[in-house]
Amino acid sequence: MKKKIDEDALAEAYNRALALEKAGDIDAAVEAYSDVLAIDPEDHGGAAVRIASMGRGETPSKAPDAYVETLFDQHAEVFEDVLVEQLGYHVPMLVRQRLQALGLGPFKRLLDLGCGTGLTGGTLRDIVADMTGIDISEKMVEVAHEKDVYETLYVAEVEDFLEDNDEGAFDIITATDVLPYLGALEPLFFGAAENLQAGGLFIFSSETLPDETMAGRPYVVGPHQRFAHAEGYIRERLTATGFDPLEITDINVRMQDGEPTPGHLVIARLR
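As the structure is a prediction and not an experimental result, all values here were calculated from the model.

Trainee: Help me understand the packing of aromatic side chains in this model?
Mentor: Any two aromatic rings considered together are summarised by their centre-to-centre distance and by the angle between their planes. What the rule picks out here adds up to 10 aromatic pairs. Taking 6.0 Å as the distance between ring centres and 70 degrees as the angle between the ring planes, the aromatic pair formed by Tyr14 and Tyr33 counts as edge-to-face. Of this pair, Tyr14 sits in helix α1 (residues 7-23) while Tyr33 sits in helix α2 (residues 26-39); the two residues are 19 residues apart in sequence, bridging distant segments of the chain. Just as Tyr14 is buried, Tyr33 falls in that class too. Seen from their ring centres, Phe202 and Phe243 are 5.4 Å apart, and the 40 degrees between their planes marks the pair as tilted.

Rendered as structure tokens:
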């Protein structure tokens with residue numbers, strides 16, 4: 001039985017925390033976000049990642065499911081317009097370019113993790129026979145469904161799906177713009193390995209921060225509440241879960257407040 005949330009108290013606590021954060025009163029903001037978590041333990045507002053982005057508390061191993069689901073449900077209708085037109089997000093196109101440059105494809109079965117509205121599926125549609133899309137946001141999946149890009153669509157959390165899926169293996173798995181919501185990568189990489197044929201490809205994008213900001217840490221929550229990953233950590237986790245990186249390309253993932261967001265586009269092959 002889920003505890004009913006006091007929405008008014010939650011909104012009030014959250015707005016207070018945001019105002020304190022904006023004013024630069026970190027101690028008070030952290031305390032206020034802790035109050036938010038007490039009212040809403042599932043963390044629909046992402047208080048835990050906000051605390052981490054201010055450099056306090058434990059860095060969570062991933063963004064809370066309730067937060068990611070809420071975030072994307074809210075933005076599903078305007079998602080593509082904002083992401084592509086305003087933030088200059090072209091990772092799906094980069095995926096296609098790199099596959100062509102490396103002479104990879106066509107493919108039989110693609111699993112698109114965090115498929116959203118189908119941007120990556122759309123760019124690869126003509127080189128894949130059968131496409132499955134997964135997203136935690138039901139509203140996103142509805143938009144993708146209307147486009148008729150995928151043969152199969154599921155509303156599910158990515159790591160849960162990879163663990164539970166007992167359909168046949170895929171020969172390519174994509175995860176564009178998924179890593180910014182995950183800290184620890186082992187469950188994702190291991191799950192991808194379990195769902196790929198030997199020799200199958202795993203392609204994903206990640207965001208990163210300068211070495212001095214990362215300070216030797218495998219991942220941190222950056223200023224925009226998105227996880228940034230060190231390249232060394234990505235390489236190490238890939239190797240540990242049975243992948244050989246084919247290439248790791250430095251990319252600009254998106255624009256944020258007029259500044260480029262540095263990151264990586266990774267193409268790895270399952271041994």
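Now that the structure has been shown, the text picks up again.
Trainee: Which parts of the structure should I look at to understand the side chain of Thr176?
Mentor: With respect to the helices and strands, the residue Thr176 is situated in the loop between β4 (170-175) and α10 (186-194). A polar contact of 2.7 Å, which involves the side chain of Thr176, links it to the side chain of Thr120. With residues near it in sequence (within four places) discarded, Thr176 still touches Tyr89, Val91, Val95, Leu113, Gly114, Thr120 and Ser205.

Trainee: Is there a simple way to think about the pairing of strand β9 (residues 259-270) in this case?
Mentor: Working note: regular strand, side chains alternate between the two faces of the sheet. Note: strand β5 (residues 196-207) against β9, seven bridges, orientation antiparallel. Looking at the pairing, Phe204 lines up with Val266 of β9. Relative to β9, strand β8 (residues 243-256) is paired through 12 bridges, and the arrangement is antiparallel. Looking at the pairing, Asn252 lines up with Pro262 of β9. From the end of β8 to the start of β9, which pair antiparallel, there are two residues, and Asp257 there has a positive phi angle of about 50 degrees.

Trainee: Any chance you could explain the pattern of salt bridges here in plain terms?
Mentor: Tallied over the entire structure, the rule returns 16 salt bridges. Of the charged contacts in the structure, one is a salt bridge between Glu80 and Lys147, with a shortest N-O distance of 2.4 Å. Remark: Lys147 occurs in helix α8 (residues 138-147) and Glu80 occurs in helix α5 (residues 79-86); sequence separation between them is 67 residues. Linking Arg125 and Glu151 is a salt bridge whose minimum nitrogen-to-oxygen distance equals 3.1 Å. Residue Arg125 is located in the loop between α7 (119-124) and β2 (128-135), and its partner Glu151 is located in the loop between α8 and β3 (152-155); the two are separated by 26 residues in the primary sequence. Under the relative-accessibility criterion, Arg125 is labelled partly exposed at 25%. Bridged by salt links that share partners, the residues Lys62, Asp65, Glu157 and Glu159 form one connected network.

Trainee: How should the packing of α1 against α2 be read in this particular structure?
Mentor: Two packed helices can be described by the angle between their axes and the distance between those axes. Interhelical geometry of α1 versus α2 gives an angle of 160 degrees and a closest axis separation of 8 Å. Between α1 and α2, the angle falls in the class roughly antiparallel. Here α1 and α2 pass one another in a crossing that is left-handed. Contact with α1, carried on its side by Ala9, Leu10, Ala13, Tyr14, Arg16, Ala17, Leu18, Leu20 and Glu21, involves Ala28, Ala29, Ala32, Tyr33, Asp35, Val36 and Ile39 of α2 and no other residues of that element.

Trainee: Would you mind showing me how to read helix α6 (residues 91-101) here?
Mentor: Owing to its 3.6 residues per turn, the α-helix brings residues three or four apart onto one side. Those residues of α6 that fall on the buried side of the exposure criterion are Val91, Pro92, Val95, Arg96 and Leu99. Each buried residue of α6 lies within a common arc of 150 degrees when the element is viewed along its axis, so the set occupies one face. Within α6, the exposed residues directed more than 90 degrees away from the buried face are Gln100 and Ala101. The inward-facing, buried residues of α6 abut β1 (107-113), α7, β4, β5, β8 and β9. Two residues or fewer after α6 comes Gly103, characterised by a positive phi angle close to 70 degrees.

Trainee: What should I look at first to understand a negative patch on the surface in this one?
Mentor: A cluster of acidic residues, Glu69, Glu77, Glu138, Glu142 and Glu146, forms a negative patch at the surface. If one sorts the elements of the negative patch by residue count, α8 sits on top with three residues. Mapped onto the fold, Glu142 is located in helix α8. In this structure Glu142 comes out as partly exposed when scored by relative accessible area, which is 41%.

Trainee: Would you mind showing me how to read α8 here?
Mentor: Among the residues making up α8, those that are buried are Met140, Val141, Val143 and Ala144. Buried residues of α8 fall within an arc of 160 degrees about the axis and therefore sit on the same side. Turned more than 90 degrees away from the buried face of α8, the exposed residues are His145 and Glu146. Of the surrounding secondary structure, the elements contacted by the buried residues of α8 are α4 (65-75), α5, β2 and β3.

Criteria and cut-off values
- Residues numbered from 1 in each chain as written.
- Predicted model: local features only at pLDDT ≥ 70, side-chain atom pairs only at ≥ 80, totals over all residues.
- Heavy atoms only, no water.
- Phe/Tyr/Trp six-rings, centres within 6.5 Å; stacked < 30°, edge-to-face > 60°.
- Helix = DSSP H or I, 4+ residues; strand = E, 2+ residues; numbered from the N terminus.
- Buried < 20%, exposed > 50% of the residue type's maximum accessible area, 1.4 Å probe, protein only.
- Polar contact = N/O pair within 3.5 Å; in protein donor to acceptor, adjacent residues only side chain to side chain.
- Contact = heavy atoms within 4.5 Å.
- Pairing = 2+ DSSP bridges.
- Salt bridge = Lys/Arg side-chain N within 4 Å of Asp/Glu carboxyl O.
- Axes fitted to C-alpha atoms, helices over the stretch in contact; angles between N-to-C directions.
- Parallel < 35°, antiparallel > 145°, perpendicular 65-115°, else oblique.
- Left-handed = near helix turned anticlockwise from the far one by under 90°.
- Arc of directions from axis to C-beta.
- Patch = residues over 30% accessible without salt bridge, like charges linked within 9 Å, V, L, I, M, F, W, Y side chains within 5 Å.
- Areas by Shrake-Rupley, 256 points an atom, 1.4 Å probe, with all protein chains shown as cover.
- Lys, Arg positive; Asp, Glu negative; His and termini not counted.
- Charge placed at Lys NZ, Arg CZ, Asp CG, Glu CD.

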